[in-house]
Amino acid sequence: MLTEFISKKLKNARYKILKDGSYFGEITGIKGVWASAKNLEDCRRDLQEVLEDWLLLKVRDGEQIPGFAVKFNRRELVKHA
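First, a word on what this report is: a plain description of the structure on this page. The shown structure was predicted, so the numbers you read here are calculated from the model rather than taken from an experiment.

Things to note about the pairing of strand E1 (residues 13-17)
At step 1: Of the strand pairs in this sheet, E1 and strand E2 (residues 23-27) are connected by 5 bridges, and their pairing is antiparallel. Within the sheet, the bridge partner assigned to Tyr-15 lies in E2 and is Gly-25.
At step 2: Remark: 5 residues form the turn of the hairpin made by E1 and E2, two consecutive strands paired antiparallel; Gly-21 in that turn has positive phi of roughly 90°.

If you want it as structure tokens, here you go:
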């Protein structure tokens, strides 16, 4: 579920080469999820990490994530002795 969501979003990533030769990447439709690095491979890796962090913060804060549903069974969250 998480891997599929992340993979889908990364396929929509857009990259460009900046004037200094470094790379900039962002995911269209997700404000604040971007990365920059000296090479494309590092930029992709960093962008994935930013997306993962963004996703975890949204889940933690109980915010809605377009295209992703989090469902909890409260009974399963209770710690059994």
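Picking up after the structure, the text goes on.
Describing the pairing of strand E3 (residues 34-37)
As a general feature of sheets, a regular strand has side chains that alternate between the two faces.
At step 1: Residues Ala-35 and Ala-37 point to one face of E3 and are all buried, whereas Trp-34 and Ser-36, pointing to the other face, are not buried.
At step 2: The hairpin turn running from E2 into E3, its antiparallel successor, is 6 residues long, and Gly-29 in that turn takes a positive phi close to 90°.

The rules behind each value
Residues numbered from 1 in each chain as written. Predicted model: local features only at pLDDT ≥ 70, side-chain atom pairs only at ≥ 80, totals over all residues. Heavy atoms only, no water. Pairing = 2+ DSSP bridges. Helix = DSSP H or I, 4+ residues; strand = E, 2+ residues; numbered from the N terminus. Buried < 20%, exposed > 50% of the residue type's maximum accessible area, 1.4 Å probe, protein only.

None of this, on its own, says anything about what the molecule does.
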